[in-house]
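Commentary on secondary and tertiary structure
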Amino acid sequence: MSVMVSDAASRCGRFGGVEAGTTTRELADAYLAELNDSRGDMFLNFLTDVLHPRIARDYGTAPSGHGLFGYSYGGLFSL
């Protein structure tokens with residue numbers, strides 16, 4: 001059985017055998033398992049506890065109206 005994977009997965013090259021946007025079920029499962037351990041919670045803590053306060057302190061920011069956006073996996077995180 002073959003399943004579709006994202007273009008980002010095929011670009012990363014860690015899951016060999018990707019041809020024309022398809023891969024085996026085993027490789028797709030391995031890719032999805034890796035996504036489950038993204039440590040996104042640690043990144044979010046860094047953004048909210050370290051980076052945002054430092055930017056506010058050093059550069060001054062409005063008290064509201066902040067946003068987060070990104071491209072590719074960065075965009076996925078920001079959702």
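**Describing the overall build of the protein**
Looking only at helices and strands, the protein features four helices and two strands. Across the protein, helices and strands are ordered from the amino to the carboxyl terminus as β-α-β-α-α-α. Relative to its full complement of 79 residues, the protein shows a buried share of 14%. Once local pairs closer than 6 in sequence are excluded, the contacts in the protein between residues at least 24 apart make up 31%. About 6300 Å² of surface is accessible on the protein, with carbon and sulfur atoms providing 59% of the total.

**Let's talk about the layout of surface pockets**
In this structure, the largest pocket spans a volume of roughly 300 Å³. Along the walls of the largest pocket sit 11 residues, with Leu35, Ser38, Tyr73, Leu76 and Phe77 positioned nearest its centre. Breaking the lining of the largest pocket down by element, the ones donating at least two residues are α2 (25-36), α3 (40-59) and α4 (73-78). Broken down by element, the residue count for the lining of the largest pocket peaks at four residues, all from α4. When its residues are assigned to classes, the lining of the largest pocket shows five nonpolar, three polar and three charged. In this structure, the second largest pocket occupies an estimated 220 Å³ of space.

**Some remarks on the confidence of the model for the protein**
Residue-level pLDDT values for the protein average 74, and 72% of them are 70 or greater. When mean pLDDT is compared element by element in the protein, α3 scores highest at 90, while strand β1 (residues 2-4) scores lowest at 38. Ignoring residues within four places in sequence, the model shows residues 1-7, a span with pLDDT below 50, making 16 contacts including any to other chains.

**Focus: the environment of Thr24**
Tracing the backbone through its elements, the reader meets Thr24 in strand β2 (residues 22-24). A polar side-chain atom of Thr24 sits 3.2 Å from the main-chain amide nitrogen of Leu27.

**Considerations on α3**
Taking the largest bend as the criterion, α3 deviates by roughly 35 degrees, centred on Leu47. The first or second residue beyond α3 is Gly60, which carries a positive phi of 75 degrees.

**Regarding the pattern of salt bridges**
Under the definition given, this model contains three salt bridges. A salt bridge links Asp29 to Arg25; the shortest N-O distance between them is 3.6 Å. Taken together, the residues Asp29 and Arg25, both in helix α2 and four residues apart, mark about one turn of the helix. Residues participating in the shared-partner salt-bridge network are Arg54, Arg57 and Asp58.

Analysis parameters
- Residues numbered from 1 in each chain as written.
- Predicted model: local features only at pLDDT ≥ 70, side-chain atom pairs only at ≥ 80, totals over all residues.
- Heavy atoms only, no water.
- Helix = DSSP H or I, 4+ residues; strand = E, 2+ residues; numbered from the N terminus.
- Buried < 20%, exposed > 50% of the residue type's maximum accessible area, 1.4 Å probe, protein only.
- Contact = heavy atoms within 4.5 Å.
- Areas by Shrake-Rupley, 256 points an atom, 1.4 Å probe, with all protein chains shown as cover.
- 1 Å grid on protein atoms, 1.4 Å probe; cavity = no way out; pocket = protein on both sides within 12 Å on 5 of 7 lines; lining within 4 Å.
- Points joined across faces, edges and corners; volume = space filled by probe spheres on them.
- Nonpolar A, V, L, I, M, F, W, Y, C, P; charged D, E, K, R; others polar.
- pLDDT = per-residue confidence, 0-100.
- Polar contact = N/O pair within 3.5 Å; in protein donor to acceptor, adjacent residues only side chain to side chain.
- Bend = angle between axes of the 7 residues up to and from the residue.
- Salt bridge = Lys/Arg side-chain N within 4 Å of Asp/Glu carboxyl O.

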